[in-house]
Amino acid sequence: MTPLPPFQTVLDEHAATVMGILRGAVGREAAEDCFQETFLAALRAYPRLQDARNLRGWLLTIAHRKAIDHHRANGRRPLPVAEVPEAAVETGPEADERLWAAVGALPPKQRAAVSLRYGSDLPHAEIAAALGCSPEAARRSLHEGLKRLRKELA
Amino acid sequence: MSTATADTIEELKARAAREGLLDVAYATTDSPFGRLLLAQTKRGLVRVGLPNQDTDLLLADLSARVSPRVLEAPAALDEVRRELDLYFAGKLDSFDLPLDWRLSSGFRQRVLRAIDRIPYGQTRTYTEMARKAGNERAVRAAGSACGSNPIPLVVPCHRVLRTGGALGGYGGGLPMKQSLLELEGVLDEKSSS
């Protein structure tokens, strides 16, 4: 068994990735809260973690769950109309960061659909449930989001 | 651009502390001898790392032996830092800090607890410490208990000398031991033993 590194190391190494993905999944503002929820949940479970080899994957799984929780909690409420996109989306050195930044700049419903489908690997029916819309509407949001991403990242 | 803001991380740590999830809080602080690592549990100060000791190794050791819930939380160590600053300035002769002894056990812990009672500006011998810990003949073991002291400075192992007055050893290096004893007025400056 690999010994668990001090949790501070885990935070230092993965905070940026987790924040990037959460911003893509739930938007800039909600990401702050989901970020704290993610790391609190991780900290709670950490001493019992059996395998320290894939901490990144472990954290991202928790982050996706928190993002889904967030969407479920908001599911019954109408989603806000498009947020003002960042004036300049700076592209980071990593392709991952660039992609998630682009996802973050999508309108909320498309953003949520894309991140739930590809970040959390949810089927259309569950995305629909999380967003509080019909599967058809979820599929449409996903389609529109992907189209926009392709254009953005081309 | 996806870096979590300092505020978010600050708040995360405050929430962790409130929920009782901060098992080991640590901070580093400057001293006249270099950077010190200070680590504290809910019971009290558990580890002081001297400047010549590797911080990453010390933190890994705390993670393995106390709890992996180790987070940098400078505010939690404000009081420790304050007392150490006063001590180095020659303005404090007795620390008033709760201590967590869990990193030592048995005879070693008894030696360290005896050392903890040596007053400022006084010295004892390894033999005396061995006797106080219940085994006068275990002088070498008493020496190695000093050498493994997890809370140096606050538990003043620098006040333990060889019979006859030779400095013996010190985890932070003999020059540091010499300076601490000069600070406390035990040794004259530049006197060598």
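Refer to the structure above for everything that follows.
Below, the structure is looked at part by part.

What counts as what
Residues numbered from 1 in each chain as written. Chains lettered and ligands numbered in written order. Predicted model: local features only at pLDDT ≥ 70, side-chain atom pairs only at ≥ 80, totals over all residues. Heavy atoms only, no water. Helix = DSSP H or I, 4+ residues; strand = E, 2+ residues; numbered from the N terminus. Buried < 20%, exposed > 50% of the residue type's maximum accessible area, 1.4 Å probe, protein only. Contact = heavy atoms within 4.5 Å. Areas by Shrake-Rupley, 256 points an atom, 1.4 Å probe, with all protein chains shown as cover. Lys, Arg positive; Asp, Glu negative; His and termini not counted. Charge placed at Lys NZ, Arg CZ, Asp CG, Glu CD. Pairing = 2+ DSSP bridges. Disulfide = S-S within 2.5 Å. Salt bridge = Lys/Arg side-chain N within 4 Å of Asp/Glu carboxyl O. Polar contact = N/O pair within 3.5 Å; in protein donor to acceptor, adjacent residues only side chain to side chain. Expected span 1.5 Å × (residues − 1). Bend = angle between axes of the 7 residues up to and from the residue. Phe/Tyr/Trp six-rings, centres within 6.5 Å; stacked < 30°, edge-to-face > 60°.

### A look at the overall build of chain B
Phase 1: When helices and strands are counted, chain B shows seven helices and six strands.
Phase 2: Element order for chain B, N to C, with α for helix and β for strand: α-β-β-β-α-β-α-α-β-α-α-β-α.
Phase 3: Dimensions of chain B, computed from C-alpha atoms along their principal axes, come out at roughly 60 × 35 × 25 Å.
Phase 4: Out of the 193 residues in chain B, the part that is buried amounts to 50%.
Phase 5: Considering only contacts in chain B between residues 6 or more positions apart, those separated by 24 or more positions represent 59%.
Phase 6: For chain B, the accessible surface area stands at approximately 9,300 Å², while carbon and sulfur atoms represent 46% of it.
Phase 7: Once the 26 positive and 24 negative side-chain charges of chain B are each reduced to a mean point, those two points are 9 Å apart.

### Some points on the pairing of strand β2 (residues 34-40) of chain B
Residue and element names in this part refer to chain B.
Phase 1: Burial analysis of β2 places five of its seven residues in the buried class, which makes it a mostly covered element.
Phase 2: Taken together, the seven bridges between strand β1 (residues 24-31) and β2 define a ladder with antiparallel strand orientation. Across the sheet, residue threonine 28 finds its bridge partner in β2, namely leucine 37.
Phase 3: Hairpin connection between β1 and β2: a loop of two residues separates the two successive antiparallel strands.
Phase 4: Here β2 pairs with strand β3 (residues 45-49) via four bridges, running antiparallel. Following the sheet pairing, leucine 38 is matched in β3 by valine 48.
Phase 5: Between β2 and β3, which pair antiparallel in sequence order, lie four residues; one of them, glycine 44, sits at a positive phi of approximately 155°.

### Comments concerning the state of the cysteines
Here is the idea: a disulfide is a covalent bond, and it sits between the sulfur atoms of two cysteines.
All names here are of chain B.
Phase 1: Taken as a whole and assessed by the stated rule, the structure comprises zero disulfides over all chains.
Phase 2: Cysteine 146 forms no disulfide, and the closest cysteine sulfur to it belongs to cysteine 157, at a distance of 6.0 Å.
Phase 3: Its relative accessible area of 8% is what places cysteine 146 among the buried residues.

### As for the interface of chain B and chain A
Phase 1: Each side of the interface is counted separately: chain B has 23 residues, and chain A has 26 residues.
Phase 2: At the boundary of chain B with chain A, the tally comes to three salt bridges.
Phase 3: Among the ionic pairs, arginine 15 of chain B bridges to glutamate 37 of chain A, the shortest N-O distance being 2.8 Å.
Phase 4: Counting the contacts that link chain B with chain A gives 13 residue pairs in polar contact (both at pLDDT 80 or more).

### Some thoughts on helix α1 (residues 7-26) of chain A
Phase 1: Here α1 of chain A spans only 25 Å end to end across 20 residues, well under the 28 Å set by a 1.5 Å rise per residue.
Phase 2: Maximum bend of α1 of chain A: about 55°, positioned at histidine 14 of chain A.

### Quick notes on the packing of aromatic side chains
Residues and elements named next belong to chain A.
Phase 1: Evaluated as defined, the whole model comprises eight aromatic pairs over all chains.
Phase 2: With a centroid separation of 6.3 Å and 80° between ring planes, the pair formed by phenylalanine 7 and phenylalanine 39 is classed as edge-to-face. Taken together, the residues span a long stretch of sequence, with phenylalanine 7 in helix α1 and phenylalanine 39 in helix α2 (residues 28-45) at a distance of 32 residues. Considered together, phenylalanine 7 and phenylalanine 39 belong to a single accessibility category, that of buried residues.
Phase 3: Plain terms: the ring middles of phenylalanine 35 and phenylalanine 39 are 4.8 Å apart, the flat faces sit at 50° to each other, and that makes the pair tilted. Taken together, the residues phenylalanine 35 and phenylalanine 39, both in helix α2 and four residues apart, mark about one turn of the helix. With respect to class, phenylalanine 35 is no different from phenylalanine 39; both count as buried.
Phase 4: In this structure an aromatic cluster arises from ring pairing among Phe7, Phe35, Phe39, Tyr46 and Trp58.

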